[in-house]
Amino acid sequence: MKLGIIGAGSVGEIVAYTSALRGIATDIILNDVIKEKAISQAIDLNDGRPFYPKDVKFRAGEYEDMKDRDVVVVCSGKIPEKDRLLELDGNKKEVANFTKRIVNAGFKGIFVVVTNPVDIITYEIYKVSGFDEKRVIGSGTALDSARLEVVIANKLGISPKSVNATVLGEHGESQFVPWSQVKIDSLTIDKYEEIHPELFKNFNRDEIEDETRRRGWDIFNGKGSTQYGIANTVNNIIQAIANDEKIILKGSCLLSGEYGLNDLYISTPIKIGKDGIEEKLELSLTDKEMGRLKETADVIKKHIEGLNL
């Protein structure tokens, strides 16, 4: 697979490194507004070539060099200190510019979007590129869902691999946990609590939801970026495309009537294969959960309108 990465900072470099470690891509181009950074990252990553499971070549490149990529990951921009939505004004013009340049150069692959606010930026790339919706995928709440699984697992003393949990809505402050969808292996969390009530004595769902929402900020405040969770999240998507895996994961996609919502990117389970998004799955939510989904959708819609596309 040929991979392109826009933004060679803390996220982009680890996306590239994780792809190499997992043997997914064999040809990776890094781009950054600071050209020296992209060049240095490529040299540094190339020094690891003897150790990756497959040989992979890295180089720095321009937007036009992305024309032959199978996947372009967009992870440019910086996270503000309070709300991902505050990043929109600083990113939307730059994103529109390089999206046009990449597409005009002849890019025919799939965009995977990480840049925040990811739901709004993914919608912008979808509109500006003119691509079919299946070829523009936002990382959405895939990372938040993984974080939720880790938090729940830590509370219950089990492996995160035994937890199947979902965060829905915006990848941001209005996200929420539909607890009706949380399972411990094949058991609902309510059933698991009936079996092991002793594990739930200090299990507060509101606190867990808040901890999950705060988790990225806690990391950011300590080290200035999040890297490893998002890098593996993105590479799950890339790997599904590379191997036509038909994996179902949470991601930001264009809704066209699902949940009664239209013309916005928001997270729900999606099936991903070699051509991108193959199916969008609508969860059976409670009335309360549907209300919260509509609230977070309204936040996204409001900011999409501000794009003036």
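Structure shown above.
Residues numbered from 1 in each chain as written. Predicted model: local features only at pLDDT ≥ 70, side-chain atom pairs only at ≥ 80, totals over all residues. Heavy atoms only, no water.

### Examining the overall build of the protein
Of regular secondary structure, the protein possesses 9 helices and 12 strands. Compactness check: the protein gives a C-alpha radius of gyration of 19 Å against a globular reference of 19 Å for 309 residues, within 12% of the reference. If one aligns the C-alpha atoms of the protein with their principal axes, the spans along those axes are about 55 × 45 × 35 Å. When burial is assessed residue by residue, the protein has 52% of its 309 residues classed as buried. Residue pairs at least 24 apart in sequence account for 71% of intrachain contacts in the protein once pairs closer than 6 positions are excluded. As presented, the protein carries roughly 13700 Å² of accessible surface, and 46% of it is formed by carbon and sulfur atoms. (Helix = DSSP H or I, 4+ residues; strand = E, 2+ residues; numbered from the N terminus. Rg over C-alpha atoms; globule rule 2.2 N^0.38 Å. Buried < 20%, exposed > 50% of the residue type's maximum accessible area, 1.4 Å probe, protein only. Contact = heavy atoms within 4.5 Å. Areas by Shrake-Rupley, 256 points an atom, 1.4 Å probe, with all protein chains shown as cover.)

### Digging into the nonpolar core
Membership of the largest hydrophobic core comes to 75 residues, with the highest contact counts inside it found for Phe58, Val73 and Phe111. Looking at which element gives the most residues to this core, the answer is helix α8 (residues 228-243), with 7 residues. Leave out the neighbours within four places in its chain, and Phe58 touches Ala16, Ala20, Ile28, Leu30, Ala42, Leu45, Asn46 and Tyr52. With 17 residues, the next largest nonpolar core counts Val163, Trp179, Ile184 and Tyr192 among its residues. (Core = buried A, V, L, I, M, F, W, Y, C linked by side-chain atoms within 4.5 Å.)

### Examining the side chain of Glu170
Counting through the fold element by element, Glu170 comes out in the loop between β7 (163-164) and β8 (183-184). There is a polar contact of 2.4 Å between the side chain of Glu170 and the side chain of Ser174. (Polar contact = N/O pair within 3.5 Å; in protein donor to acceptor, adjacent residues only side chain to side chain.)

### Remarks on the pattern of salt bridges
For the structure shown, the criterion picks out 23 salt bridges. The network of salt bridges with shared partners includes Glu209, Asp210, Arg213, Arg214, Asp218 and Arg292. (Salt bridge = Lys/Arg side-chain N within 4 Å of Asp/Glu carboxyl O.)

### Comments concerning helix α9 (residues 287-305)
With 19 residues, α9 should cover 27 Å at 1.5 Å per step; its first-to-last C-alpha distance of 27 Å lies within 8% of that length. All buried positions along α9 are accounted for by Glu289, Leu293, Thr296, Ala297, Ile300 and Ile304. All buried residues of α9 fall inside an arc of 105° around its axis, so they share one side. α9 presents Asp287, Lys288, Glu295, Asp298, Lys302 and Glu305 as exposed residues on the side facing more than 90 degrees away from its buried surface. Buried residues in α9 make contact with α4 (118-129) and β11 (262-273). (Expected span 1.5 Å × (residues − 1). Arc of directions from axis to C-beta.)

### With respect to the environment of Arg49
Relative to the elements of secondary structure, Arg49 occurs in the loop between α2 (35-46) and β3 (57-60). Separated by 112 residues in sequence, Arg49 and Lys161 place their C-alpha atoms 30 Å apart. When residues no more than four places from it in sequence are discounted, the contact partners of Arg49 are Asp55, Val56 and Lys57. At 2.8 Å, the side chain of Arg49 forms a polar contact with the side chain of Asp55. There is a polar contact of 3.5 Å between the side chain of Arg49 and the backbone oxygen of Val56.

### Focus: the packing of aromatic side chains
Geometrically, a pair of aromatic rings is defined through the distance of the ring centres and the angle of the planes. This structure, assessed with the given rule, holds 13 aromatic pairs. Ring plane angle 65° and centroid distance 6.0 Å describe the contact between Tyr52 and Phe58, whose orientation is recorded as edge-to-face. Judged by its relative accessible area of 6%, Phe58 is buried. Here the aromatic rings of Tyr192 and Phe200 are separated by 6.4 Å at their centres, their planes lie at 65°, and the arrangement is edge-to-face. Accessibility assignment for this pair places Tyr192 and Phe200 in one class, buried. Following the ring pairs from residue to residue traces out a cluster consisting of Trp179, Tyr192, Phe200 and Phe203. (Phe/Tyr/Trp six-rings, centres within 6.5 Å; stacked < 30°, edge-to-face > 60°.)

### Focus: α2
Taking 1.5 Å per residue, 12 residues should reach 16 Å; α2 reaches 17 Å between its end C-alpha atoms and fits that length. Every buried residue of α2 is listed here: Ala38, Gln41, Ala42 and Leu45. Along α2, the residues classed as buried sweep out an arc of 100° about the axis, all on the same side. What points out from α2, more than 90 degrees from its buried face, is the exposed set Glu36, Ile43 and Asp44. Of the surrounding secondary structure, the elements contacted by the buried residues of α2 are α1 (10-21), β2 (27-31) and β3.

### Brief notes about the packing of α1 against α8
Packing of α1 against α8 leaves a shortest axis separation of 9 Å and a crossing angle of 55°. Considered as vectors, α1 and α8 are oriented oblique to each other. The handedness of the crossing between α1 and α8 comes out as right-handed. Facing Val11, Ile14, Val15, Thr18 and Ser19 of α1, the residues of α8 in contact are Tyr228, Ile230, Ala231, Asn232, Val234, Asn235 and Ile238. A class-by-class count of the residues in the contact of α1 with α8 yields 8 nonpolar, 4 polar and no charged. (Axes fitted to C-alpha atoms, helices over the stretch in contact; angles between N-to-C directions. Parallel < 35°, antiparallel > 145°, perpendicular 65-115°, else oblique. Left-handed = near helix turned anticlockwise from the far one by under 90°. Nonpolar A, V, L, I, M, F, W, Y, C, P; charged D, E, K, R; others polar.)

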